[in-house]
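# Coordinate inspection notes
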Amino acid sequence: MKEVLIFKTSVNSKEEVELVAELFDMNSSIKKWSFDLNDPDRILRVECLNISPESIEDLLEFEGIYCTNMEY
């Protein structure tokens, strides 16, 4: 079942978005994703299958990008 996860991030540049794109393109569990960089929380929305919010947080934090799951 597809799940939607929402994260607050520190992403604020095109270069960081491109880095995330590279990371997510290598992960077949991530089906679709997008950023809202106009939001003060730099929202990342991820549609995925069988991947935990912690896994996404760890993946981005390993690359120096702050990311925390937002419960909704």
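Residues numbered from 1 in each chain as written. Predicted model: local features only at pLDDT ≥ 70, side-chain atom pairs only at ≥ 80, totals over all residues. Heavy atoms only, no water.

### A short note on the sheet that holds strand E3 (residues 43–48)
Note the following rule: Only when DSSP finds a minimum of two bridges between them are two strands counted as paired. Think of it this way: any DSSP run of H or I at least four residues long counts as a helix, any run of E at least two long counts as a strand, and we number them from the N terminus. Simply put, an axis is a line fit to the C-alpha atoms, just over the touching stretch for a helix, and the angle between two N-to-C directions goes from 0 to 180 degrees. Any two residues whose heavy atoms approach within 4.5 Å at even a single point are treated as in contact.
Within the open sheet, the four strands sit side by side as E2-E3-E1-E4. Their pairing is antiparallel. Edge positions in the sheet fall to strand E2 (30–36) and strand E4 (67–69), since each has one partner strand and no second. The mean inter-strand angle of the sheet, taken between neighbouring strand axes irrespective of direction, is 25 degrees. Here strand E1 (residues 3–9) runs beside E3; their pairing, made up of five bridges, is antiparallel. What sits directly across from leucine 5, in E3, is valine 46. Contacting E1, E3 and E4, helix H2 (residues 53–62) crosses the sheet at an angle of about 175 degrees to E4.

### What to know about the pattern of salt bridges
Think of it this way: side chains of opposite charge can pair up when their charged atoms draw near. Let me state the cut-off plainly: What makes a salt bridge here is a side-chain nitrogen of Lys or Arg within 4 Å of a carboxyl oxygen of Asp or Glu, nothing more. Note on classification: 1.4 Å probe, protein chains only; a residue is buried when its accessible area is under 20% of the maximum for its type, exposed when over 50%, partly exposed between these limits.
This structure, assessed with the given rule, holds three salt bridges. Between glutamate 47 and lysine 2 there is a salt bridge, and its shortest N-O distance comes to 3.8 Å. Separated by 45 residues along the polypeptide, glutamate 47 in strand E3 and lysine 2 in the segment before E1 bring together distant segments of the chain. Note on glutamate 47: relative accessible area 15%, which makes it buried. Between glutamate 47 and arginine 45 there is a salt bridge; the shortest N-O distance is 3.3 Å. Judged by its relative accessible area of 38%, arginine 45 falls in the partly exposed class. It is possible to trace a salt-bridge network through shared partners that takes in Lys2, Arg45 and Glu47.

### Examining the nonpolar core
What counts is decided by this rule: Put simply, a nonpolar core is a bunch of buried Ala, Val, Leu, Ile, Met, Phe, Trp, Tyr and Cys residues held in one set by side-chain atoms that sit within 4.5 Å of each other.
Among the nonpolar cores identified, the biggest contains 16 residues, and Phe7, Val20, Phe24, Leu44, Val46, Ile56 and Leu60 are the most heavily contacted of them. Among the elements of the structure, E1, helix H1 (14–25), E2, E3 and H2 are those that each provide at least two residues to this core. Residues in contact with leucine 44, not counting those within four places in the same chain, are Leu5, Ile6, Phe7, Thr9, Phe24, Trp33, Ser34, Phe35 and Leu60.

### Some words on the packing of aromatic side chains
Pairs of aromatic rings are described using the distance from one ring centre to the other and the angle between the two planes. As a reminder of what qualifies: Aromatic pairing here means that ring centres of Phe, Tyr or Trp (its six-membered ring) are within 6.5 Å. Orientation follows from the plane angle: under 30 degrees is stacked, over 60 is edge-to-face, and everything else is tilted.
In this structure the tally under the stated criterion is two aromatic pairs. Between phenylalanine 24 and tryptophan 33 the ring centres are 5.6 Å apart and the planes differ by 80 degrees, which places this aromatic pair in the edge-to-face class. Phenylalanine 24 sits in the buried class, given a relative accessible area of 2%. Between tryptophan 33 and phenylalanine 35 the ring centres are 5.9 Å apart and the planes differ by 80 degrees, which places this aromatic pair in the edge-to-face class. Phenylalanine 35 gets classed as buried once you look at its relative accessible area, which sits at 17%.

Everything listed is a geometric property; what it means functionally is a separate question.
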